[in-house]
Amino acid sequence: MNNQAGDAKLGLVMAVTVLLQLVSRYAAAPVVDFCRDDWMLLLMSYDYSSLGEIVAKTWNNPYRPLSAFAHVAAFKVLGDTPALYTILGMLLHSLFLVVAGRLVWDLTRRLST
């Protein structure tokens, strides 16, 4: 199989995978409200005025400093509209699937040659 045909098949498989992921994750409840520690992190985002301050304050989070930083920074940029986070989640999950699928495709093609 030449590279062009293989890339076309990969594109089709990835498109179907992303579509199924979107349907399975978001069809039942397209937009959900914030939950658990989202409210605390949203309130924290109002108190911080710069990215440096967000890094300094979330670095000491006892549970998940990187996750806390990402959430507070996202709240600072996107505000308090849950629909924007749903769209961001769709985009990030789809991007991950495409990158992971491409990586697996390239690795398995190398193994078969």
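Just so it is clear, the model here is predicted, and its values are computed rather than measured.

### Section: the nonpolar core
- By size, the foremost hydrophobic cluster in this structure holds ten residues: Leu 41, Leu 42, Met 44, Tyr 48, Ile 54, Ala 68, Val 72, Ala 74, Phe 75 and Tyr 85.
- Mapped by element, the contributors of at least two residues to this core are helix H2 (38-47) and helix H4 (65-78).
- Sorting elements by how many residues they give to this core places H4 first, with four residues.
- In this structure Val 72 touches Leu 41, Met 44, Ser 45, Tyr 48, Ile 54 and Thr 58, once residues within four positions along its chain are discounted.

### Some points on a nonpolar patch on the surface
- Together, Leu 88, Leu 92, Leu 95 and Val 99 line one region of the surface with nonpolar side chains, adding up to about 350 Å² of accessible area.
- Locating Leu 88 in the fold gives a position in helix H5 (residues 82-112).
- What makes Leu 88 partly exposed here is its relative accessible area of 32%.

### Quick notes on the packing of H2 against H4
- Viewed as axis vectors pointing N to C, H2 and H4 meet at an angle of 60 degrees, and their least axial separation amounts to 8 Å. In terms of orientation, H2 and H4 fall into the oblique class. The handedness of the crossing between H2 and H4 is right-handed. Where H2 abuts H4, its residues Asp 38, Leu 41, Leu 42, Met 44, Ser 45 and Tyr 46 lie against Ala 68, His 71, Val 72, Phe 75 and Lys 76.
- Partitioning the contact of H2 with H4 into residue classes produces seven nonpolar, two polar and two charged.

### Observations concerning H4
- The end-to-end C-alpha separation of H4 is 20 Å, in line with the 20 Å expected for 14 residues at 1.5 Å each.
- Among the residues of H4, Ala 68, Val 72, Ala 73, Ala 74 and Phe 75 are the ones counted as buried.
- Taken from the residues just after H4, Gly 79 is the one with a positive phi, measuring 80 degrees.

### Here's the deal with the confidence of the model for the protein
- In the predicted model, the protein carries a mean pLDDT of 78, and the fraction of residues at 70 or more is 87%.
- Between the elements of the protein, mean pLDDT differs from a low of 75, seen in H2, to a high of 82, seen in H5.

Cut-off values and rules
Residues numbered from 1 in each chain as written. Predicted model: local features only at pLDDT ≥ 70, side-chain atom pairs only at ≥ 80, totals over all residues. Heavy atoms only, no water. Core = buried A, V, L, I, M, F, W, Y, C linked by side-chain atoms within 4.5 Å. Buried < 20%, exposed > 50% of the residue type's maximum accessible area, 1.4 Å probe, protein only. Helix = DSSP H or I, 4+ residues; strand = E, 2+ residues; numbered from the N terminus. Contact = heavy atoms within 4.5 Å. Patch = residues over 30% accessible without salt bridge, like charges linked within 9 Å, V, L, I, M, F, W, Y side chains within 5 Å. Areas by Shrake-Rupley, 256 points an atom, 1.4 Å probe, with all protein chains shown as cover. Salt bridge = Lys/Arg side-chain N within 4 Å of Asp/Glu carboxyl O. Axes fitted to C-alpha atoms, helices over the stretch in contact; angles between N-to-C directions. Parallel < 35°, antiparallel > 145°, perpendicular 65-115°, else oblique. Left-handed = near helix turned anticlockwise from the far one by under 90°. Nonpolar A, V, L, I, M, F, W, Y, C, P; charged D, E, K, R; others polar. Expected span 1.5 Å × (residues − 1). pLDDT = per-residue confidence, 0-100.

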